[in-house]
Amino acid sequence: MTPRDEVLPRWRLPGMRVRIDLLAVTVLGVALFAAYSVHLKKDIGWDFRNYHYYGCYCLENGRIAFDISAAQLQSYLNPVAYLPYCWAVDHLKPLAAGILFGALAGLNLGLLYQLSFAALAGLARRRRVWLALLTAVAGVWSPFFLLLIGSSFTETWTPLLV
């Protein structure tokens, strides 16, 4: 740890130290993406109706070996990745499901910020914070990523598992 790292404000929690900048970026990302997910409304796209939800239904009800090609070629995709979204659709209101998966997508901003912050270790603190913030925003400012926020596609929340 360099002396520059000690200059950043930190909170002391039992057994861990939290950087205020990382916490602020993460909370901001969660709030913004949850609100954006609500703005996009619920996912009723072809993929969700055709195979995301139906694959989960087949898996949960033991129909996976009987309903052959019911969802065309996509019947053969593994539905396990879609189980969390299907559970949320079945057990939560649409608004809550959208907020939940929008918030999960927002965690990517904090993750990218932390990765960039660690990669820019040799820079002065202020420059390091701003460049890390810019690279994090650039990482989530993709039309494809923004389109998938709060939807049944797994590309926005599975990076958190890596």
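Nothing here was measured: the structure is a model prediction, and the numbers come from that model.

(A) Spatial organisation of the layout of surface pockets. Put simply, the largest pocket is a space of about 260 Å³. Every residue lining the largest pocket is counted, 15 residues in all, and those nearest its centre are Lys42, Asp43, Pro94, Leu95 and Gly98. Of all elements in the fold, only α2 (20-40), α4 (83-91) and α5 (94-119) reach the threshold of two or more residues within the lining of the largest pocket. In the lining of the largest pocket, the residues fall into eight nonpolar, three polar and four charged.

(B) Expanded view of the state of the cysteines. Applying the stated criterion across every chain, the model contains zero disulfides. Cysteine Cys58 remains unbridged, with the sulfur of Cys56 as its closest cysteine sulfur at 9.4 Å.

(C) A look at the pattern of salt bridges. This structure, assessed with the given rule, holds one salt bridge. Where Asp21 meets Arg19, a salt bridge forms, and the shortest distance between an N and an O atom there is 3.0 Å. Under the relative-accessibility criterion, Asp21 is labelled buried at 13%. According to the relative accessible area criterion, Arg19 is buried, its value standing at 10%.

(D) Region of the structure containing the packing of α4 against α5. Where α4 contacts α5, the axes come no closer than 8 Å and their chain directions differ by 150 degrees. Relative to α5, the element α4 is oriented roughly antiparallel. Crossing geometry of α4 relative to α5 is assigned as right-handed. Together, Pro84, Tyr85 and Ala88 of α4 and Ala97, Leu100 and Phe101 of α5 make up the contact between the two elements. Of the residues that constitute the contact of α4 with α5, the class distribution is six nonpolar, no polar and no charged.

(E) Inspection of the confidence of the model for the protein chain at higher detail. Across the protein chain, the average pLDDT comes to 85, with 89% of residues at or above 70. By mean pLDDT, helix α1 (residues 3-7) is the weakest element of the protein chain at 54, and helix α6 (residues 125-140) is the strongest at 94.

(F) A look at α2. The first and last C-alpha atoms of α2 sit 30 Å apart over 21 residues, in line with the 30 Å expected at 1.5 Å per residue. If you check which residues of α2 are buried, you get Asp21, Val25, Thr26, Gly29, Phe33, Ala34 and Ser37.

Cut-offs used in this document
- Residues numbered from 1 in each chain as written.
- Predicted model: local features only at pLDDT ≥ 70, side-chain atom pairs only at ≥ 80, totals over all residues.
- Heavy atoms only, no water.
- 1 Å grid on protein atoms, 1.4 Å probe; cavity = no way out; pocket = protein on both sides within 12 Å on 5 of 7 lines; lining within 4 Å.
- Points joined across faces, edges and corners; volume = space filled by probe spheres on them.
- Helix = DSSP H or I, 4+ residues; strand = E, 2+ residues; numbered from the N terminus.
- Nonpolar A, V, L, I, M, F, W, Y, C, P; charged D, E, K, R; others polar.
- Disulfide = S-S within 2.5 Å.
- Salt bridge = Lys/Arg side-chain N within 4 Å of Asp/Glu carboxyl O.
- Buried < 20%, exposed > 50% of the residue type's maximum accessible area, 1.4 Å probe, protein only.
- Axes fitted to C-alpha atoms, helices over the stretch in contact; angles between N-to-C directions.
- Parallel < 35°, antiparallel > 145°, perpendicular 65-115°, else oblique.
- Left-handed = near helix turned anticlockwise from the far one by under 90°.
- Contact = heavy atoms within 4.5 Å.
- pLDDT = per-residue confidence, 0-100.
- Expected span 1.5 Å × (residues − 1).

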